[in-house]
Amino acid sequence: MTEWVNWSGLASARPQRVAQPVDTAAVVAEVHRARTEGATVKMVGTGHSFTAISAPEHTMLLPQSLSGILAVDRDAMTVTALAGTQLKVLNATLEGLGLSLHNMGDIAEQTLAGAISTGTHGTGGVAASLAAQVVGLELVTGTGEVLRASAEENPDVLEHARIGLGALGVLTAITFRVEPLFLLEATERPMRWDEALGSFDQMVAESHHVDMYWFPHSDRMLTKRNDRLADDLGAARPLSRTRAWVDDELLSNKAFGLLTAAANRAPRIIPRMNRMNARMLGARTYSDVAHRVFTTERNVVFKEMEYAVPREAGLSALREARAALDASDLAISFPVEIRVAPADDVPLSTASGRESFYLAFHTHRRADHTAYFSLMEQVMRAHGGRPHWGKVHTRQADGLAALYPRFDDFLAMRDRLDPDRVFSNGYLRRVLGS
């Protein structure tokens with residue numbers, strides 16, 4: 001029997017049937033089959049969600065054959081791609097077309113369907129999440145109907161299915177709003193804790209995209225400011241191949257992976273190790289086409305929890321998280337990532353209806369994350385935090401309903417599109433109810 005395991009190793013499943021549909025008609029056939037048998041079906045992505053959101057209980061659909069660009073509309077400035085396309089493939093293809101997404105997260109391994117369905121987001125900009133850049137989609141519902149949704153056709157379906165958690169249907173095609181290819185200049189600078197927090201609001205006001213990393217047990221932050229440059233693509237000044245390899249491959253992946261793995265066996269060294277790593281951080285500035293600045297390769301496998309609190313509560317939540325960690329006997333080797341997002345109008349977006357401040361907590365894949373994540377989750381919940389759908393959390397439907405004003409509208413859409421719960425699994429039963 002085939003076993004499905006996600007990237008972090010936190011979730012696994014043993015589906016009874018595996019299929020690799022080559023087109024929408026094949027997806028429809030699998031949905032009809034599952035519905036007739038009273039079974040369930042899930043399209044998996046690349047497994048980069050840390051939860052079991054895509055874990056298949058009966059039939060597992062593989063996305064590899066549903067990949068590629070379907071249409072480019074330069075008048076409307078949209079691009080339509082098959083939903084199984086990986087984000088890194090879309091980015092490279094768009095670059096060749098002289099186009100780009102407005103914003104994205106910091107990895108590009110996910111399928112487009114998985115990335116939008118879980119609320120994958122970047123920081124800053126006029127739209128932070130990938131879902132907020134979606135203007136159309138096609139999905140197969142739980143009754144086997146093929147629905148196309150846009151501002152003109154089934155707009156209510158588009159509204160909810162942009163972050164649909166895989167509960168509304170199998171996405172087969174997605175249309176994104178795009179813009180001309182642009183350059184980003186990245187300015188990375190280490191700062192002390194007080195300086196970083198004291199200047200954070202100013203950095204966010206002055207730069208297009210701001211990201212910070214705090215190293216637990218230290219007084220050090222790494223700040224990253226990404227700013228759009230003029231339209232001259234020839235002005236790009238990327239890192240040299242040697243500098244990029246040393247910084248991003250040797251130090252950030254290989255050396256960091258070895259150090260954190262060793263620290264699992266001797267956690268008492270972690271505070272000293274973090275302070276040493278933080279002191280080694282240097283400033284650097286470089287520029288390149290947007291997706292090469294937004295995204296990086298992450299080869300060290302980790303576990304992650306992320307919460308979005310209201311923007312105005314963010315710095316207080318960060319200070320409280322540090323105080324709680326400092327007062328505990330926990331030793332955490334991975335940095336805490338801090339990002340912000342403008343409000344959007346996607347019903348189940350973590351930024352729905354409010355500007356948001358994101359705090360992401362990580363541990364090595366072999367470290368026990370439970371006590372750390374539980375402690376941080378208490379702080380996040382006290383500030384009305386919304387958990388990232390694709391990252392570790394313990395929230396259930398009743399508590400989540402209070403965080404999203406349109407939660408009941410989403411459940412009603414689920415009843416309409418998947419009345420027999422063909423797309424259900426344990427995770428969805430927990431966060432949405434049965």
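Since this is a predicted model, take the numbers as computed values, not measurements. (Residues numbered from 1 in each chain as written. Predicted model: local features only at pLDDT ≥ 70, side-chain atom pairs only at ≥ 80, totals over all residues. Heavy atoms only, no water.)

(A) Looking closely at helix 12 (residues 407-417). Looking only at helix 12, the buried set comprises Phe407, Phe410, Met413, Arg414 and Leu417. Angular distribution of buried residues about the axis of helix 12 spans 120°; they occupy a single face of the element. Where the residues of helix 12 are buried, they touch strand 10 (146-150), helix 4 (155-161), helix 11 (397-401) and helix 13 (426-432). (Buried < 20%, exposed > 50% of the residue type's maximum accessible area, 1.4 Å probe, protein only. Helix = DSSP H or I, 4+ residues; strand = E, 2+ residues; numbered from the N terminus. Arc of directions from axis to C-beta. Contact = heavy atoms within 4.5 Å.)

(B) Layout of the sheet that holds strand 4 (residues 41-43). With respect to topology, 3 strands assemble into an open sheet ordered 3-5-4, the strand pairing being parallel. The sheet is open, and its two borders are formed by strand 3 (17-19) and strand 4, each paired with just one other strand. Here the average twist between neighbouring strands, direction ignored, is 20°. In the sheet, strand 3 pairs with strand 5 (residues 59-61) via 3 bridges, with the strands oriented parallel. Directly across from Ala19, in strand 5, lies its bridge partner Leu61. (Pairing = 2+ DSSP bridges. Axes fitted to C-alpha atoms, helices over the stretch in contact; angles between N-to-C directions.)

(C) Focus on the pairing of strand 14 (residues 209-214). Where burial is concerned, most of strand 14 is hidden: 6 out of the 6 residues are buried. Going residue by residue along strand 14, you find His209, Asp211 and Tyr213 tucked away on one face and Val210, Met212 and Trp214 tucked away on the opposite face as well. Of the strand pairs in this sheet, strand 14 and strand 15 (residues 220-228) are connected by 6 bridges, and their pairing is antiparallel. When the bridges of strand 15 are listed, His209 appears paired with Asn226. Between the end of strand 14 and the start of strand 15, which pair antiparallel, lie 5 residues, with His217 showing a positive phi angle near 70°. Sheet topology places strand 14 next to strand 18 (residues 336-341); 3 bridges connect them, and they run antiparallel. Residue Met212 lies in a different strand from strand 18, and its bridge partner there is Ile338.

Interpretation note: all reported values are geometric properties and have no functional meaning in isolation.
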